[in-house]
Amino acid sequence: TKRWKITNETSEAQAAISEAASLLKKGETIAFPTETVYGLGADATNPEAVNKIFAAKGRPQDNPLIAHVATKEQLLRLVYNVPDYAAQLMDAFSPGPLTYVLKTSGVCADNVTAGQETIGVRMPSHPVAQALLKACDIPIAAPSANLSGKPSPTTAVHVWEDLQGKIAGVVDGGPTGFGVESTVLDCTQEIPVILRPGGVTKEQLTQIIGMVVTDPGLANSSEKPKAPGMKYRHYAPEVPLLLVYGTPKDVQATIDKAQAEGKKVGALVSDQTAAEITAFETIRLGKNLPEVAAHLYDGLRKFKTREVDVIVSEAFPEDGIGQAVMNRLRKAASKHIHMS
Ligand code: TXA
Ligand code: MG
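Computed from a predicted structure; not experimentally measured.

Participant: An account of the site of ligand 1 is needed here, citing residue identities and associated values.
Facilitator: Taken together, 26 residues sit near ligand 1, with Thr36, Asn63, His68, Ser182 and Gly229 positioned nearest. Here an oxygen atom of ligand 1 sits 2.9 Å away from a polar atom, N or O, in the side chain of arginine 59. Separating an oxygen atom of ligand 1 from a backbone N or O atom of proline 228 is a distance of 3.5 Å. Considered on its own, ligand 1 offers 690 Å² of accessible surface; in the complex 97% of this is hidden by protein. The set of elements that each furnish at least two residues to the shell around ligand 1 consists of strand 4 (66-68), strand 7 (118-122) and strand 11 (193-196). No other element matches strand 7, which puts four residues into the shell around ligand 1.

Put into structure tokens, the structure is as follows:
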């Protein structure tokens, strides 16, 4: 596995981008940064190349991939039946952390869409992702560059931990910005449906187009989520995670109870809550929701089995990017604790 470090727009950086792009065009897999998380890319028009993604991640074949492009023209070649509201959203949020699920034009290989009639398409805004996509000039299928089931990677080190030896290369562009994945929006309905909350918030979507609904399968365990990937557990840390809905005092009570059982507790909390609790080890995720989102996956990865026995996380407010944070924490949790 090759590794290129990109710090700024030097000629060295350009050489790295063109080397990575030529490997992609030859059917190899390359991990690269986006503004959300690192992606593991392959030529979306080449089924053998796409298969290498599934193999490296250990990803179930029934879980479709997002196709990434640099421009709106390229995006429109991959889909048809684009409703007016989707065109408006493209003007407002692309490039950016929004994925549109639309009818596939058939340009991408069948294993990208897992045989479905729809495809997820996205135009990332990260300068390294943009440069790479422009250099190879083909649609790139890219799920998050983690082993299936683990938290998504927000640094090249996370990618290296999971996929070293299994992929052709990693372009290291430093830590990603948002820290949670793109919002996946089903645009095949009269009213768009959020299949996965992410970088673009429901409030932001509503501001542009009015009506947006959230897939009931995300909240309701009796209904199956419409994004195939959302039915898997995902984002699992090495250690069991207790998610506490309550005040900092409730978080402390949960920590104390586990400690009384002889457990070493790792706490995953905001800076404000960190000031009010004590645990064996505390990871502070930040002072506001965007900071918490940016540090969440790194925090989940940091607690290792040999260091703590259980993670106690506070529940965060579900507004703005807090919806994505709580969606991921609920999936990562082994137990939910509701305090009155
Ligand atoms: O931010 C992101 O979206 C990152 C970066 C690399 O772009 N990518 C990412 O991909 O998170 P992945 O494969 O880890 O998650 C894609 C999600 C899955 O839950 C998948 O089931 C859903 O999108 N999805 C993809 N295509 C779909 C489709 N045609 N219909 C419904 N859901 C789809
Ligand atoms: Mg993923």
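Participant: If you had to explain the packing of helix 4 (residues 84-93) against helix 7 (residues 202-209) to someone new, which residues and values would you point to?
Facilitator: In the contact formed by helix 4 and helix 7, the axes pass within 10 Å of each other and the chain directions differ by 120°. In terms of axis orientation, helix 4 runs oblique to helix 7. Of the two elements, helix 4 crosses helix 7, and the hand of that crossing is right-handed. Side by side, helix 4 and helix 7 meet where Tyr85, Gln88, Leu89, Ala92 and Phe93 of the first sit next to Gln204, Leu205, Ile208 and Ile209 of the second. Of the residues that constitute the contact of helix 4 with helix 7, the class distribution is seven nonpolar, two polar and no charged.

Participant: For the nonpolar core, give the residues involved together with the corresponding values.
Facilitator: Counting 44 residues, the largest nonpolar core has Leu89, Tyr100, Val112 and Leu205 as the members making the most contacts within it. If you list the elements that add at least two residues to this core, you get strand 3 (39-43), helix 2 (47-57), helix 4, strand 6 (98-104), strand 7, helix 6 (156-163) and helix 7. Excluding residues that lie within four positions of it along the chain, leucine 89 makes contacts with Ser94, Leu98, Tyr100, Leu185, Leu205, Ile208 and Ile209. Ranked by size, the runner-up nonpolar core spans 28 residues in total, among them Val37, Tyr297, Leu329 and Ala333.

Participant: Quick rundown of the UniProt feature "domain: YrdC-like" (unreviewed entry) in the protein? Include the residues and the values.
Facilitator: Mapped onto the present numbering, the UniProt feature "domain: YrdC-like" (unreviewed entry) falls at residues 14-200. Along residues 14-200 the backbone is 30% helical and 21% strand, and the end-to-end C-alpha distance reaches 30 Å.

Participant: Describe helix 2, with residues and values.
Facilitator: Along an α-helix, residues three or four positions apart point the same way, because every turn accommodates 3.6 residues. Residues of helix 2 that are buried: Ala49, Val50, Ile53, Phe54, Ala56 and Lys57. Contact partners of the buried residues in helix 2: strand 3, strand 8 (140-141) and helix 6. Two to three positions downstream of the cap, the backbone nitrogen of glutamate 48 sits 3.0 Å from a side-chain oxygen, assigning the N-cap of helix 2 to asparagine 46. Phi turns positive, to about 70°, at glycine 58, one or two residues after helix 2.

Participant: Go over the pairing of strand 13 (residues 241-245), please, and point to the residues and values.
Facilitator: Counting buried positions over the five residues of strand 13 gives five, a clear majority of the element. Across the two faces of strand 13 the burial is the same, with Leu241, Leu243 and Tyr245 and Leu242 and Val244 all buried. Looking at chain direction, strand 13 and strand 17 (residues 335-338) are connected through four bridges and run parallel. For tyrosine 245, the partnering residue across the bridge sits in strand 17 and is histidine 338.

Participant: Before we move on, can you summarise the sheet that holds strand 13 with the specific residues and values?
Facilitator: Reading across the sheet, the five strands line up as 15-14-16-13-17 and stay open at both edges, with parallel pairing between neighbours. For this open sheet the edge positions go to strand 15 (281-284) and strand 17, each flanked by a neighbour on one side alone. Each strand axis lies, on average, 20° off the axis of its neighbour in the sheet, ignoring direction. Note that strand 14 (residues 265-269) and strand 15 share four bridges and pair parallel. Opposite alanine 267, over in strand 15, you have threonine 282 as the bridge partner.

Participant: Which residues make up the pattern of salt bridges, and what values go with them?
Facilitator: Side-chain pairing between opposite charges can occur once the charged atoms of the two side chains come close. Under the definition given, this model contains 15 salt bridges. Notably, a salt bridge pairs lysine 226 with aspartate 215, separated by 3.7 Å at the nearest N-O pair. You can see lysine 226 sitting in the loop between strand 12 (213-214) and strand 13 and its partner aspartate 215 sitting in the loop between strand 12 and strand 13, a full eleven residues away along the chain. Here the salt bridges share partners, and the residues they tie into one network are Lys150, Glu161, Asp162 and Arg301.

Participant: I'd love a proper account of helix 11 (residues 322-332), names of residues and values included.
Facilitator: Among the eleven residues of helix 11, nine are classified as buried, and the element is accordingly described as predominantly covered. Among all positions of helix 11, only Gly322, Ala324, Val325, Met326, Asn327, Arg328, Leu329, Lys331 and Ala332 are buried. Check the buried side of helix 11 and you find it contacts strand 11, strand 13, helix 10 (289-302) and strand 16 (310-314).

Participant: So what about the environment of valine 121? Which residues, and what values?
Facilitator: Locating valine 121 in the fold gives a position in strand 7. According to the relative accessible area criterion, valine 121 is buried, its value standing at 0%. Taking the C-alpha atoms as reference points, valine 121 and proline 139, 18 residues apart in sequence, are found 9.3 Å from one another. Setting aside residues up to four positions removed in sequence, valine 121 forms contacts with Ile66, Ala67, Leu75, Leu78, Val79, Leu98, Thr99 and Tyr100.

Participant: How would you sum up the side chain of lysine 304? Please name residues and give values.
Facilitator: Its location among the elements puts lysine 304 in the loop between helix 10 and strand 16. The buried charged residue lysine 304 lacks any salt bridge partner; its closest oppositely charged side chain belongs to glutamate 238, at an N-O distance of 4.1 Å. Within the structure, lysine 304 has its side chain in polar contact with the backbone oxygen of arginine 301 (distance 2.9 Å). Sequence-distant contacts of lysine 304, that is, excluding residues within four places in its chain, are made with Glu238 and Val239.

The rules behind each value
- Residues numbered from 1 in each chain as written.
- Chains lettered and ligands numbered in written order.
- Predicted model: local features only at pLDDT ≥ 70, side-chain atom pairs only at ≥ 80, totals over all residues.
- Heavy atoms only, no water.
- Near = heavy atom within 4 Å.
- Polar contact = N/O pair within 3.5 Å; in protein donor to acceptor, adjacent residues only side chain to side chain.
- Areas by Shrake-Rupley, 256 points an atom, 1.4 Å probe, with all protein chains shown as cover.
- Helix = DSSP H or I, 4+ residues; strand = E, 2+ residues; numbered from the N terminus.
- Axes fitted to C-alpha atoms, helices over the stretch in contact; angles between N-to-C directions.
- Parallel < 35°, antiparallel > 145°, perpendicular 65-115°, else oblique.
- Left-handed = near helix turned anticlockwise from the far one by under 90°.
- Contact = heavy atoms within 4.5 Å.
- Nonpolar A, V, L, I, M, F, W, Y, C, P; charged D, E, K, R; others polar.
- Core = buried A, V, L, I, M, F, W, Y, C linked by side-chain atoms within 4.5 Å.
- Buried < 20%, exposed > 50% of the residue type's maximum accessible area, 1.4 Å probe, protein only.
- UniProt positions renumbered as here; feature names shortened; annotations may be inferred.
- Pairing = 2+ DSSP bridges.
- Salt bridge = Lys/Arg side-chain N within 4 Å of Asp/Glu carboxyl O.
- Lys, Arg positive; Asp, Glu negative; His and termini not counted.

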